[in-house]
Structures are given as structure tokens and as C-alpha cells.
Protein chains: 2
Amino acid sequence: MTNEAAIQKALQYLSSFHRPSQEAMERLQEYCTTGFITKNKNLQPVGHTCRTLYVNIEGLLRIYYLKDGKDITESFEPALSVVARVESLFSGRASRKGIQALEDTVYVAISTPPLFKLFDKHPSLERLFRKVFEAGYVRTVNRLESLQFHSAEEKYRQLLEEQPDILQRAPLKHVASYLGITQVSLSRIRALR
Amino acid sequence: MTNEAAIQKALQYLSSFHRPSQEAMERLQEYCTTGFITKNKNLQPVGHTCRTLYVNIEGLLRIYYLKDGKDITESFEPALSVVARVESLFSGRASRKGIQALEDTVYVAISTPPLFKLFDKHPSLERLFRKVFEAGYVRTVNRLESLQFHSAEEKYRQLLEEQPDILQRAPLKHVASYLGITQVSLSRIRALR
DNA sequence: GTAATTATTTATCATATGTAAAATGATAGA
DNA sequence: TCTATCATTTTACATATGATAAATAATTAC
């Protein structure tokens, strides 16, 4: 895939949230850069303030953090996801989270300080990203509900329902921590059928 | 507290996220209404699409839902909180969640369809609410992390640290479901000291 | 003020899930 | 191809938490 094609794909995807003015779109495009990262490499290390927003074009990323030395997966981010560590992006504080590629991944990166500046001149861009973040917010609220009161098995079955491909594409240890259970427990559940 | 005072308090609080233009502020004020609800009453029942956003001025609200007939508290919303069932507000779908008063509560209500229309003319209002929602998003992400991998005791201690007053003000059954544990388990933990 | 309701704690028991370690299976590099 | 590493499953055991029911304690309604 050419850089040009990747950026077009990102812009098209972002436009699906809200179509910005022609000029806003052109300004936005100027801040898009493409990148490629190979499996298991880190796109962003733990400990830095998040100032870049990624659109995954092809591949699989995950956001993760370390809790008592253990690697916990916060989210899987497949193609056509906006990927950012929002708790850092919106607070300006250093993130304890990192972004890693679980597959070779093509992405588009947008630097957020200039992006947020663009909002002043182009309300349609602010509208667009407001909707992007609202959608992320909704996903997070729904996930919260799923974690709040489901058994390990229920959480597994829900993932199987909603993102079955993740189970093929990501190591099960990451799936386990994503579900908030141990890998042993996950293995047990999978053995049931 | 007079209606006028409540609205001023709400506007002042909202302005702390982003100061809108004078005119935007005046338009916003026109859509603010005040209300009072007594303890245990429902502000919003389960099953309706969320089209109102509340600012809690004084008192305590909670967002809750029913899971297999059991009452689960999703969040506690004390004074100076923006209260909305975002998964419905942003998707237009009916919410399975309700809003209930845990104390006599004074609130300001803002109808969202006209509010969102105001955004077209007043980007500074869109900016303001974008920041309000971003802050909510960050809280939710952090709470997700707390639920993903903490024991019942850790979650209780964290609540004790961050919102100790909730334990005095809300029935423990709601605290238990909020933490994703049973009331019996919560009682055990509390008995440790 | 008393009864009735609701909230909270305590007790007992069952079980899902965690921990640790070993066994098996898959993948990648030399 | 062989070795080394990593991923996954399995086993055995410990334990936190859930479920149920009963006992107190606190609120509310009459």
C-alpha cells in the first residue's frame, strides 16, 4: 500500500464520523504521516506523554501497561481504529501505557498539538474528532459494564462473539489479561469445548 | 438555593472546562432549567433514549442498570458532576440505564438536541462540551483499569481513598455493585478493620 | 412509640479462579 | 535439522469470593 493510499483510507475513515469542510480536510491531510511497524515492536513506549494519534490502516495494535510487573492489555486495536492513550492525551500527563504491534502494521499518525490548533480555525474538524472520541467513550463504558459483573467464562464468550478474530491473531496471554483473568483460567474455559 | 443561583453554579462549573464566548454562554443559559428531586426518586427511568444532560449542583445521584434482575450501580455522581448516560446520548439508542437520587438533589438540566444545535453557531460551546466529555472518558478509562485487575479489597481501599464520603452517603449494596462485588464480600472486607 | 421494612453483618458451605510448576506444543534462529 | 525460546495446556493445591440463610441493626411509616 502506498503512503498516499494509506492516508486516503485514514481520511475516508475519519470522515465517516463527520464530514469536515473541504479546506479542513486538506489541512488535516497535511498533518498526516504514514508509518509501518513490524510485529512485536513498540510504536510508543511506556512513560511518555501521548501527543500522537494513530489510525490503524492494516494490522493489529494493542495498548498495554505494566501492573506490578505484569503486562496487562488494555485494548486491541485492529484496522480502522483510532488509537490513542486518551488518559494521557486529554490530561497532558505522562502515560503509563504503551502501544505495541501484534502484527506488521500500517498506520497513519497525526500529531495532536497541531491538530488541536486546527480546531480553532476549523470547527468541522473539532466536530469530527469530538465524535471519534465519543465513540471511544461509548466503547469504554460498555466494556466497563462487561468487566464489572461477568464471570471469566462470560467475558470470554462475549469476546468470541464480538471479536472472534482476536483469538486467532493475538497471543492468549494478552487475551487473558485483556479479559482480566489469568492465562490458566482462559485455558480452562477454552477446554470446555 | 434559588433557581438562578443553581444555574449560575452550573455555568461556572462548565466554564471551568473551557470558557465559551459571552454570547454562547447566554444561549446556553437559555437552555438550562433547574430541578429538585427527593431521595430514592428516579430522575430518569430505564429504557428511554438519553436526551438530557444534568449538572448535579447539590446532592448525590447514581447511574444504575439491571443485570439479570439485579441492580448494578455504574457510577456515583456527587455535586459538580455532569451526569448523562453517554452510551445512549452518543448513539441515539435507548438506554438500559436509569438515574436515581441517593440524596435530595438540586440539579440543572440541559436538553441535548438544542444544545447540539447550538454547537453549529458556537464552536466555543462545542469545545467546552468536548472537554467535559473527554474528562468523563478519562475517568472511565481509569476506572476500567481499576476493575480489570484488582481484588475486591483493593477496589474497596481505592474507593476509600478517592471518594470516602460515598461510603457514608450511599447504601453499601450500591457500593458493592459499583465495585463489582457482593454485599457480603464488602461486609467481610470492612470487618477487617 | 411500635411495628414493619430495609440495611448490614455474620455464619456456613460451594466453587470459580488464582498460583505454581510441569508437560506439551509451536516458532524461530543458527 | 537441531536447539532454544516462547506459547499453551494441564495438574495440584490454596484461597478469595459467591450463594444462601439467619441474626442484628438501623430506618421508616403508621
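Residues numbered from 1 in each chain as written. Chains lettered and ligands numbered in written order. Predicted model: local features only at pLDDT ≥ 70, side-chain atom pairs only at ≥ 80, totals over all residues. Heavy atoms only, no water.

Draft legend 1. Region of the structure containing the protein's contact with DNA strand D. Within the structure, DNA strand D sits among 17 residues, and Leu172, Lys173 and Ser187 of chain A together with Ala152 and Arg188 of chain B are positioned closest to it. Looking at DNA strand D alone, sugar and phosphate atoms form 61% of those within 4 Å of the protein. In this structure, a phosphate oxygen belonging to DNA strand D sits 3.3 Å away from a side-chain N or O atom of Ser185 of chain B. Elements supplying a minimum of two residues to the surface near DNA strand D: α8 (172-179) and α9 (183-191) of chain A together with α9 (183-191) of chain B. Residue composition of the surface near DNA strand D, by class: 7 nonpolar, 6 polar and 4 charged. (Near = heavy atom within 4 Å. Polar contact = N/O pair within 3.5 Å; in protein donor to acceptor, adjacent residues only side chain to side chain. Helix = DSSP H or I, 4+ residues; strand = E, 2+ residues; numbered from the N terminus. Nonpolar A, V, L, I, M, F, W, Y, C, P; charged D, E, K, R; others polar.)

Draft legend 2. Summary view of the pairing of strand β4 (residues 60-67) of chain B. Residue and element names in this part refer to chain B. For β4, the buried fraction is high: 7 of the 8 residues fall into the buried class. With 8 bridges connecting them, β4 and strand β5 (residues 70-78) associate as antiparallel partners. Bridge pairing links Arg62 to Phe76 in β5. Between β4 and β5, which pair antiparallel in sequence order, lie 2 residues; one of them, Asp68, sits at a positive phi of approximately 50°. Taken together, the 5 bridges between β4 and strand β7 (residues 97-101) define a ladder with antiparallel strand orientation. Counterpart to Leu61 in the pairing with β7 is Ala101. (Buried < 20%, exposed > 50% of the residue type's maximum accessible area, 1.4 Å probe, protein only. Pairing = 2+ DSSP bridges.)

Draft legend 3. Geometry of the sheet that holds strand β1 (residues 32-37) of chain B. Residues and elements named next belong to chain B. Taken together, the 4 strands give an open sheet; going across it, the order is β1-β8-β3-β6, and neighbouring strands pair in antiparallel fashion. Looking at the sheet topology across the chains shown, the edges are occupied by β1 and β6 (81-83). Here the strands of the sheet are splayed against their neighbours by 30° on average, with no regard to which way each runs. Examined bridge by bridge, strand β3 (residues 52-58) and strand β8 (residues 105-111) share 6 bridges and lie antiparallel to one another. Bridging from a neighbouring strand, Tyr54 pairs with Ala109 of β8. (Axes fitted to C-alpha atoms, helices over the stretch in contact; angles between N-to-C directions.)

Draft legend 4. Structural view of the protein's contact with DNA strand C. Neighbouring residues of DNA strand C: 17 residues in total, closest Ala152 and Arg188 of chain A together with Leu172, Lys173 and Ser187 of chain B. Counting only the atoms of DNA strand C within 4 Å of the protein, the fraction contributed by sugar and phosphate is 59%. At 2.7 Å from a phosphate oxygen of DNA strand C is found a main-chain nitrogen or oxygen belonging to Ala152 of chain A. Between Ser185 of chain A and DNA strand C, the recorded distance is 3.3 Å, taken from a side-chain N or O atom to a phosphate oxygen. Of all the secondary structure elements, the ones that give two or more residues to the surface near DNA strand C are α9 of chain A together with α8 (172-179) and α9 of chain B.

Draft legend 5. Up close: the packing of aromatic side chains. Taken as a whole, this structure holds 17 aromatic pairs over all chains when the rule is applied. Their ring planes at 85° and their centres at 5.4 Å tell us that Tyr13 of chain A and Phe17 of chain A sit as a pair that is edge-to-face. The exposure class assigned to Phe17 of chain A is partly exposed, which follows from its relative accessible area of 22%. Ring geometry for Tyr137 of chain A against Tyr137 of chain B: centres 5.5 Å apart, planes inclined by 5°, an arrangement best described as stacked. With one member in each of two chains, Tyr137 of chain A in helix α5 (residues 123-149) and Tyr137 of chain B in helix α5 (residues 123-149) form a pair that bridges those chains. (Phe/Tyr/Trp six-rings, centres within 6.5 Å; stacked < 30°, edge-to-face > 60°.)

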